[in-house]
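Examination of the molecular architecture
Here is what each chain is made of, one letter per residue.
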Amino acid sequence: MKKIIILVLCLLLTGCYNYKELNKIAIVSSISIDKKDNKYLVGAQVLNVKPKDDSNSSNVIVYEEEGKTIEEALRNITKKSNKKLYGGHLSKLVISEEVAKDGIIDIVDLFQRLPEIKDEFTITISKGIDANKVIKVMTSPESIPADFVKNVIDSADVDSAITHSSKLDEFVSYYLKKYIDPVITVLEVKDYDKDGTTLKNNESTYPKTKIVLDYVGITYKGKLESYLNKDETIGYNFIRDNIDQMVIPIKCDKDNYASISILNSKTKVKVDKNYTITFNIENKSALNEYNCKNNINKNKLEKDTNKMIKKYINKALEKQDKSKSQFLGLKRYIYLKYPKYNNEEYKVKIKVKTNITRTGEINKSSKGEKYEDK
Amino acid sequence: MNIDKLKNNNPDLKIRELVINNKTIKIIYFESLCTSSDINDFILRPITNNKLDNIRLIKDKLPSSNIVELKEEKELLFCLYSGFTIINIDKDYIAFETKYSLDSGINEASNEKVIKGPKDAFTENYQNNLGLIRKRIRTDKLIIKEYIIGSESKTKVSFIYLEDKCNKDFINEIDNKLKNMDIEYVLNSNYIVDHLEDNKSLFPTNIMTERPDLVTFCLLEGRCSIVVENSPQAVIIPAFFSDYMKTVDDYYQNNINVILTRIIRFISFIIAIIIPGLYIALTTFNQETLPTSVLINFSMQREGVPFPSFIEALLLWLSFEILREADTRVPFVVGSSMSIVGALVLGQAAVEAGLISPIMIIVIAISSVASFLFNDNDIVNSIRIWKLIFLLLGSFVGLYGIFIGTLLFIIRICSIKSFGYDFILKRR
Amino acid sequence: MKISKYMYASIIFFLTETMFLHIGLSDILKTGNIYSVLVGSLLSFIPIFFILKIKPNRFIKVLLVILLSIYFIYTLYLIKIYVQDKYLDATPSFIIILMFLLPISYIKDIKTISKVSFILFIITSITIIFSFINLCPSIEIDNFKPVNPNITDIIIGSIKYMFYFISPSIMLVFIPKNEISNKSIILFYILSMIHILILFILIIGIFGIDLSINFTYPEYSLMKKINYFDFIQHIENIIAAEWLYSIFISCVMSIYSIKKGIS
């Protein structure tokens, strides 16, 4: 009996310090960081809890404040918000170009150190526009804009090789390793308009203000160095073995193209003692579109695909030679095998092998089958 | 032996005097306990027809299966109160049994239902109960020891076991305790068991059942049973934790299907105890465990509710328990309006009035329904208390409290001893 | 009859992994590679045989009582910082320790401890399998690659591993000798060794050496990565209860051993 009294007493003494009711916390879904006169301008995109059948108010509310550190800026938001901010479900971080050029690694410390934040969220850079404008765009009224953009990035990562989603722990891990530098996804806003932040953006079938992915940016010593364009990004993905599925257009005629869709691809790396790196790329693909009149010649298509892939990779290698950043990690491949490597010269060889497994439902393109053309 | 004093206080005591060959024969019986037609046919008629006039002749000639020769007053009173008829010639007394069976016959089990298998149940008649057990085990290893317990009620209590399967030390221990038991009255079988062992835990360490086939199965496993007069429940000792997960149905169905049913029962036991506390701990202390879409859904439902979660859960739990208690007490004819009122209170009306959130109703309802899976009322009551403990721990200290509660529960179960047997390991 | 031998031996599973929680893992990760773990786990078979042969006489009992009281205070300190860091920020520490001591007051003898620890072992093994299945595909072999082992590092690492692994199990001296058999003890030692080895492989394989040195609780940050169908995420709160149970069993065993040692 005495034990029960002690239990009840000490439960009452706990005072519920950590008790947070669900309707008194504001769930933050994405954060944007800008710089303004040597201070950080931080914006937080917070969910607006409304009853289900009310579609006249927006899904999210954005608060902005400034401060000398990021946490101070987030605390200053309590000047405006009626609920305490809660970062347990943070899914996206948008950084402006200016902050990125000064150093991305300077601002990630808060997100690694706070125990309630999970470090699986995506870091992105906003190109050509302030970061807080990106999180103010209303993408669709049914879903949270942060989730929408995160799904855009994730599905692009899988379906086409034109980007690479960078999570926080991968970023820091690559930053700390030797001879390799991380890359970051880049976002852009097309046709930014004041109406883009309101529900008017979604009234028609064609929203005016859109958030668009813009390939990838490379960093050196934690600071943003430059951007990659489409071919270089695809080459980067091939070298780092990040390809899931993608489409390559191949010229099959003088003016017409066929499209080969790669189903899965694997890159194997070998290093020999003359510091020559050999990439063996093998992939399985399917022929999805053939816009030429002549017959399908599998061997020729395979050879053309190989040539195209080599072209992408060479473009990436050229960019690597021009920049200080080691975003491809070629020297790391050598270092992993020969730990005594010390920044010497290296050579790269590429071998590609494509295997077209399916050609689809029809044999020849119907384009060349019309009786009068034969 | 003073019969006339008794006659003043008891109007149903009848004394019939016959005079045969100049000897007065007194026939004394309680009208409320004896069958009058038996007395007429088997006692009065042979005496008057054959003119029997001394005790020896009466003892040899009267057809009766149960005769007691009386020497002292205590025995006389005991036999009178048990429905015997006393025949008195001069100073000799002899008693014949003419009991009127005051019960309802063998009918169907009302509380423990099965789909396949026999449906008969124990009644309030002591000999019927013993017979139902005896006709299932037809061996001479079945030992029945009888005691008379209770200074005011003098009820017959029998202790049944199979000689070659039960533990000898256990039998001797219970035997000693039953012989020296010193209580005033025994109204039901649980009185005996409560005095046999002092059990401080919430879980019952005995099974009270009204089905003779369950008693038979347990006897064949090596356990013992106690049958008490005037009680339609037999007690099986010792009881273990795995008994709560079994029902009698399991013995009559396909072996492999039963494994899944037992897993479902075990999971529902855990659900019934943990879910309200876990829900409150997850939504108020550790919100990062829930996925984002679920959290948004819960958040939308809690808008406009005036109570904090803990008080909301307590109120709903209280109203569920009130409904359940009322359900067992209300007479059958008024039953339908009770169910309508219950549905109204806990259904749409409360949600639309903005007092509680729908998700809390679902959580408490699942936990209450899951606890009804167990047919013993004692277990349902003990689940109720543990649910309250987990609720308190979860809402004051969060997920850490749920872990402490789990440790408390496991420690309590592991330290219960049921009549010297381990509660979990089934060994001494 | 057979199960009771394994019940007493399952106490060992929790005793050996307590010291790894906050200090042990980070300390051994600082040596920089995984070979110290492998060598240490093979070498730690040797002290086990010596421990099984100790007979408690008076001098050993006094020594053990002093050491175990220090260990008991250490476990209370460990539970305070672990719960305050991860679960409850603002609750005063006095309440956390009081609630932890409450279940301990219900335990009266060694048989209950063994049954409790066996049930906790079953629960823990289910959560371990559940989490390991999901974490295995995320290992990158390149994180092990720079293969330049330094012999002094390996030796120091394996000695540290042996110290953290074997030292709490001197409490085995106080368990009655007729209840346990050597075979069951060795079995549970091997299980615990495999568990810690897989933990190390996962931490170094997923995070890499440079990042994992920096964490304060590497095993907790490892559990943050469990992800089933994108729906069940961030359940490290529930999975990390395994460490709470191991601290609990250590605390209970140290109290019991102190009681036995004094009498």
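Keep in mind the model is a prediction, meaning the values are calculated, not measured.

**So, helix α5 (residues 126–134) of chain B**
Since one α-helical turn is 3.6 residues long, residues separated by three or four positions face the same way. All names here are of chain B. Every buried residue belonging to α5 is among Tyr-126, Asn-129, Leu-130, Leu-132 and Ile-133, and all of these are buried. All buried residues of α5 fall inside an arc of 155° around its axis, so they share one side. The elements touched by buried residues of α5 are β6 (142–149), β7 (155–162), α8 (212–221) and β9 (224–228). Two or three places before Gln-127, at the opening of α5, Asn-125 has a side-chain oxygen 3.1 Å from that residue's backbone nitrogen.

**Focus: the packing of helix α8 (residues 230–239) of chain A against helix α9 (residues 298–322) of chain A**
Residues and elements named next belong to chain A. The contact between α8 and α9 brings their axes to 7 Å, and the two run at 100°. The pairing of α8 with α9 is recorded here as roughly perpendicular in orientation. Residue-level contacts link Asp-231, Glu-232, Ile-234, Gly-235, Tyr-236, Phe-238 and Ile-239 of α8 to Ile-309, Tyr-312, Ile-313, Lys-315, Ala-316, Leu-317 and Lys-319 of α9. Across the contact of α8 with α9, the residue classes break down as nine nonpolar, one polar and four charged.

**Observations regarding the domain arrangement of chain B**
Residues and elements named next belong to chain B. Under the domain assignment used here, chain B contains domain 1 (3–97), domain 2 (126–239) and domain 3 (256–422). Opposite the 15 residues of domain 2 that make contact, domain 3 presents 15 residues. Roughly 1400 Å² is buried in total at the junction of domain 2 and domain 3, and carbon and sulfur atoms are behind 69% of that figure. Summed over the three residues of domain 2 that lose the most area to domain 3, namely Glu-197, Leu-202 and Phe-203, the buried surface amounts to 42% of that side. Taken together, the connections running from domain 2 to domain 3 amount to zero salt bridges. Between domain 2 and domain 3 we count three residue pairs in polar contact (both at pLDDT 80 or more) in total. By residue class, the composition of the side of domain 2 that touches domain 3 is ten nonpolar, three polar and two charged.

**Some words on the interface of chain A and chain C**
Many analyses report the size of an interface as the accessible area lost when the parts associate. In this assembly, 23 residues from chain A lie in contact with 26 residues from chain C. Buried surface at the junction of chain A and chain C, both sides included, amounts to about 2300 Å², of which 63% is carbon and sulfur. Across the pair Lys225(C) and Asp169(A) runs a salt bridge whose closest N-O atoms are separated by 2.3 Å. The tally of links from chain A across to chain C stands at three residue pairs in polar contact (both at pLDDT 80 or more). Elements that contribute at least two residues to the side of chain A that touches chain C include exactly α1 (2–13), α7 (168–176) and α10 (330–337) of chain A. If one sorts the elements of the side of chain A that touches chain C by residue count, α1(A) sits on top with five residues. Of the residues contributing to the side of chain A that touches chain C, the split by class is twelve nonpolar, four polar and seven charged.

Basis of the calculations
- Residues numbered from 1 in each chain as written.
- Chains lettered and ligands numbered in written order.
- Predicted model: local features only at pLDDT ≥ 70, side-chain atom pairs only at ≥ 80, totals over all residues.
- Heavy atoms only, no water.
- Buried < 20%, exposed > 50% of the residue type's maximum accessible area, 1.4 Å probe, protein only.
- Helix = DSSP H or I, 4+ residues; strand = E, 2+ residues; numbered from the N terminus.
- Arc of directions from axis to C-beta.
- Contact = heavy atoms within 4.5 Å.
- Polar contact = N/O pair within 3.5 Å; in protein donor to acceptor, adjacent residues only side chain to side chain.
- Axes fitted to C-alpha atoms, helices over the stretch in contact; angles between N-to-C directions.
- Parallel < 35°, antiparallel > 145°, perpendicular 65-115°, else oblique.
- Nonpolar A, V, L, I, M, F, W, Y, C, P; charged D, E, K, R; others polar.
- Domains from an automatic or database assignment.
- Buried area = accessible area lost by both parts, 1.4 Å probe.
- Salt bridge = Lys/Arg side-chain N within 4 Å of Asp/Glu carboxyl O.

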